[in-house]
Amino acid sequence: PTKTILASVAKQRFNYLMLELILTDKLNLNEKSNIFNVTRKTLSLDLEDLKKFLLKKDLYLESIPWKGIFLKGDFSNKAHLSIEFILKILLEKEINNFATENYKLTELYYQHIPYEIENSINEFVKSIFLKFNISIGTHIFNSFLASCIFCYLKKEENIVDNLKDSLLFNEITIVPKKYTEYFNSKEFIEKYPFFKNNNLFLSRALTRLSPEFLNLKLKNNTYFNQITEFIENKLEFQFSENSKLYLIQLLGIAKFKYEYQINHFSSSFNNLY
């Protein structure tokens with residue numbers, strides 16, 4: 001039991017440090033000793049765990065004397081990590097509504113994403129899926145919500161320009177005109193001014209959730225094709241196109257849950273409304 005408790009507390013510190021990096025691109029360990037009531041040595045061990053995780057994302061930390069520890073690496077990799085980690089936070093918050101033991105994480109989250117802003121973005125995402133009649137489930141809904149929150153955090157920047165030739169979007173050749181028209185509309189910009197620099201990013205993020213894009217991803221992804229072919233050969237049957245789409249979403253969710261140590265959340269793809 002003691003080991004389990006220690007592991008849980010260490011995970012809370014890891015999540016807090018990672019979230020601060022996502023939100024601010026930097027860390028200041030001096031104040032963290034007081035926040036978590038731990039020694040600098042313990043925080044140093046936390047930092048090593050953080051570095052190992054970031055290395056898998058092609059990112060690293062740079063310590064600058066008297067200024068802090070900064071997240072370094074390609075902006076595209078930072079964007080990937082940010083959206084995925086915000087998604088992790090959203091899914092876990094949905095399960096336990098920021099449990100009491102995570103109050104430090106709650107404070108940090110709402111310090112940078114005020115409740116009224118989060119609520120506004122949440123309502124916006126609901127309206128978008130209804131407007132364009134997109135069938136969704138928990139994971140897809142929160143994936144787009146995470147992208148929107150990332151847009152809010154980077155509201156002063158143009159995300160697409162910074163991404164350049166990022167793998168985040170290079171598979172997308174056509175963005176539906178109805179998306180670009182709406183996200184460029186006066187109605188949209190007046191209602192959500194913090195998205196005005198990143199309407200193209202939102203259009204592409206929404207396109208990534210469409211069945212057409214998933215079909216394209218399936219056709220061009222050797223890894224997914226190898227898995228489906230292996231299963232078909234072993235069990236002597238063929239997937240339908242819809243079943244393949246369902247399978248690659250499940251594989252993507254499984255990979256995400258493994259990387260971010262998420263134990264529970266609904267993987268449903270049913271329409272929420």
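What you see is a predicted model, and the numbers here were worked out from it, not measured in a lab.

### Concerning the overall build of the protein
No. 1: When helices and strands are counted, the protein shows 14 helices and three strands.
No. 2: Burial statistics for the protein: of 273 residues in total, 46% are counted as buried.
No. 3: Considering only contacts within the protein whose residues lie at least 6 apart along the sequence, 67% involve residues at least 24 apart.
No. 4: Of the roughly 15,500 Å² of accessible surface on the protein, 51% is carried by carbon and sulfur atoms.

### Concerning helix α3 (residues 40–56)
No. 1: Counted at 1.5 Å a residue, the expected span for α3 with its 17 residues is 24 Å, and the 25 Å between its end C-alpha atoms agrees.
No. 2: Taken residue by residue, α3 has L43, D46, L47, L50, F53 and L54 as its buried positions. Here the buried residues of α3 occupy an arc of 125° about the axis, which is enough to place them on one side. Residues of α3 that are exposed and point more than 90 degrees away from the buried face comprise K41, L45, K52, L55 and K56.
No. 3: Looking one or two residues past α3, D58 carries a phi angle of roughly 60°, positive in sign.

### Thoughts on the packing of aromatic side chains
No. 1: Counting across every chain of the model gives 27 aromatic pairs.
No. 2: When the ring centre of F132 is taken as origin, the NZ or CZ atom of K131, which lies over that ring, is 5.9 Å away.
No. 3: When the ring centre of Y152 is taken as reference, the NZ or CZ atom of K155 above it lies at 4.0 Å.

### Observations regarding helix α11 (residues 199–207)
No. 1: In terms of burial, α11 is largely enclosed, as seven of its nine residues are buried.
No. 2: Those residues of α11 lying buried are N199, F201, L202, S203, A205, L206 and T207.

### Some points on the pairing of strand β2 (residues 60–64)
No. 1: Pairing geometry for β2 and strand β3 (residues 68–72), over five bridges, is antiparallel. Across the sheet, the residue bridging to E62 is F70, located in β3.
No. 2: Between β2 and β3, which pair antiparallel in sequence order, lie three residues; one of them, W66, sits at a positive phi of approximately 70°.

### Examining the nonpolar core
No. 1: The biggest cluster of nonpolar side chains holds 71 residues, and the ones touching the most others in it are L50, I121, F124, F144, F183 and F195.
No. 2: Ignoring any residue separated from it by four or fewer positions in sequence, one finds L50 in contact with F14, L17, M18, L21, L27 and L61.

### What about the pattern of salt bridges?
No. 1: Throughout the structure, instances matching the rule amount to 11 salt bridges.
No. 2: The salt bridge partner of K78 is D25, with a shortest N-O separation of 3.9 Å. Taken as a pair, K78 in helix α4 (residues 75–96) and D25 in the loop between α1 (2–24) and β1 (26–27) lie far apart in primary sequence, 53 residues in all.
No. 3: With relative accessibility at 15%, the residue K78 sits in the buried group.
No. 4: D25 sits in the partly exposed class, given a relative accessible area of 24%.
No. 5: Here K57 makes a salt bridge to E259, at a shortest N to O gap of 2.8 Å. Separated by 202 residues along the polypeptide, K57 in the loop between α3 and β2 and E259 in helix α14 (residues 241–259) bring together distant segments of the chain.
No. 6: A cluster of three or more residues bridged by salt bridges with shared partners is formed by E20, E31 and K32.

### A closer look at the packing of helix α2 (residues 29–36) against α3
No. 1: Remark: α2 packs on α3, axes separated minimally by 10 Å, with the N-to-C direction vectors making an angle of 110°. Viewed along their axes, α2 and α3 adopt a mutual orientation that is roughly perpendicular. As α2 runs across α3, the sense of the crossing is right-handed. In contact with L29, N30, K32 and S33 of α2, α3 contributes R40, L43 and L47.

What counts, and at which threshold
Residues numbered from 1 in each chain as written. Predicted model: local features only at pLDDT ≥ 70, side-chain atom pairs only at ≥ 80, totals over all residues. Heavy atoms only, no water. Helix = DSSP H or I, 4+ residues; strand = E, 2+ residues; numbered from the N terminus. Buried < 20%, exposed > 50% of the residue type's maximum accessible area, 1.4 Å probe, protein only. Contact = heavy atoms within 4.5 Å. Areas by Shrake-Rupley, 256 points an atom, 1.4 Å probe, with all protein chains shown as cover. Expected span 1.5 Å × (residues − 1). Arc of directions from axis to C-beta. Phe/Tyr/Trp six-rings, centres within 6.5 Å; stacked < 30°, edge-to-face > 60°. Lys NZ or Arg CZ within 6 Å of the ring centre and 35° of its normal. Pairing = 2+ DSSP bridges. Core = buried A, V, L, I, M, F, W, Y, C linked by side-chain atoms within 4.5 Å. Salt bridge = Lys/Arg side-chain N within 4 Å of Asp/Glu carboxyl O. Axes fitted to C-alpha atoms, helices over the stretch in contact; angles between N-to-C directions. Parallel < 35°, antiparallel > 145°, perpendicular 65-115°, else oblique. Left-handed = near helix turned anticlockwise from the far one by under 90°.

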